[in-house]
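Next come the chains, spelled out residue by residue.
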Amino acid sequence: MLQVATRRRSQPPPARFMFEALIDPYRQPARHWLELLESEIAPEIVRAEEPELVIWTSIWPDRPDAVIRFDIEAVGNSTMLRWTLFLDDPIPPEAEVVRMRKRLNTLINANLRFNFGQ
């Protein structure tokens, strides 16, 4: 697997809440943040080590090889969260990688972040 994209950004909640949100994004219906497109599927958990690591399967049926890794680091009462996208060869064209990267950024650094009030 090759790393094709990664982003690191602070998130408002403590690490344990971030971990819970990533392992069960539908846990709180009032705080639903994983809004998938028609062309996407819900990820499954490949691995989870509380509170610092969550690995998802692909959200893209046309790229079942994709793996999304979340590294969760407690920073005081908040969290530093890094997501990393891995793909098998053949790596898609740059435009497709950019589309995937932007989609993950929207889900994690917008939807999830706003879910916690920022």
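You'll find the structure just up there.
The structure presented is a predicted model; accordingly, all values stated were derived computationally and were not measured. (Residues numbered from 1 in each chain as written. Predicted model: local features only at pLDDT ≥ 70, side-chain atom pairs only at ≥ 80, totals over all residues. Heavy atoms only, no water.)

1. A short note on the environment of Gly76
- Among the secondary structure elements, Gly76 is positioned in the loop between β4 (67-75) and β5 (78-87).
- Note: C-alpha distance between Gly76 and Thr106 (30 residues apart in sequence) is 25 Å. (Helix = DSSP H or I, 4+ residues; strand = E, 2+ residues; numbered from the N terminus.)

2. What about the side chain of Glu40?
- Within the fold, Glu40 resides in the loop between α1 (15-23) and β2 (45-49).
- One polar contact links the side chain of Glu40 to the main-chain amide nitrogen of Leu37, over a distance of 2.9 Å.
- Among all residues touching Glu40, those that are not within four sequence positions of it are Ile59, Trp60, Pro61 and Arg103. (Polar contact = N/O pair within 3.5 Å; in protein donor to acceptor, adjacent residues only side chain to side chain. Contact = heavy atoms within 4.5 Å.)

3. What to know about empty space enclosed by the protein
- In the structure shown here, the tally under the stated rule is 1 cavity of 30 Å³ or more.
- Taken as a whole, the largest cavity spans an internal volume of roughly 90 Å³.
- Around the largest cavity, the lining residues are Glu20, Ala21, Asp24, Pro25, Arg27, Gln28, Arg31, Trp33, Asn115 and Phe116.
- Among the residues forming the lining of the largest cavity, the class breakdown is 4 nonpolar, 2 polar and 4 charged. (1 Å grid on protein atoms, 1.4 Å probe; cavity = no way out; pocket = protein on both sides within 12 Å on 5 of 7 lines; lining within 4 Å. Points joined across faces, edges and corners; volume = space filled by probe spheres on them. Nonpolar A, V, L, I, M, F, W, Y, C, P; charged D, E, K, R; others polar.)

4. Side note on the pattern of salt bridges
- Summed over all chains, the structure comprises 7 salt bridges.
- Residue Glu73 pairs with Arg8 through a salt bridge whose shortest N-O separation is 3.0 Å. With a gap of 65 residues between them, Glu73 in strand β4 and Arg8 in strand β1 (residues 2-11) connect regions that are remote in the sequence.
- Exposure remark for Glu73: the relative accessible area of 40% places this residue in the partly exposed category.
- Arg8 sits in the partly exposed class, given a relative accessible area of 47%.
- When the shortest N-O distance is used, the salt bridge between Arg63 and Asp65 registers 2.7 Å. In this structure, Arg63 and Asp65 share a single accessibility class: buried. (Salt bridge = Lys/Arg side-chain N within 4 Å of Asp/Glu carboxyl O. Buried < 20%, exposed > 50% of the residue type's maximum accessible area, 1.4 Å probe, protein only.)

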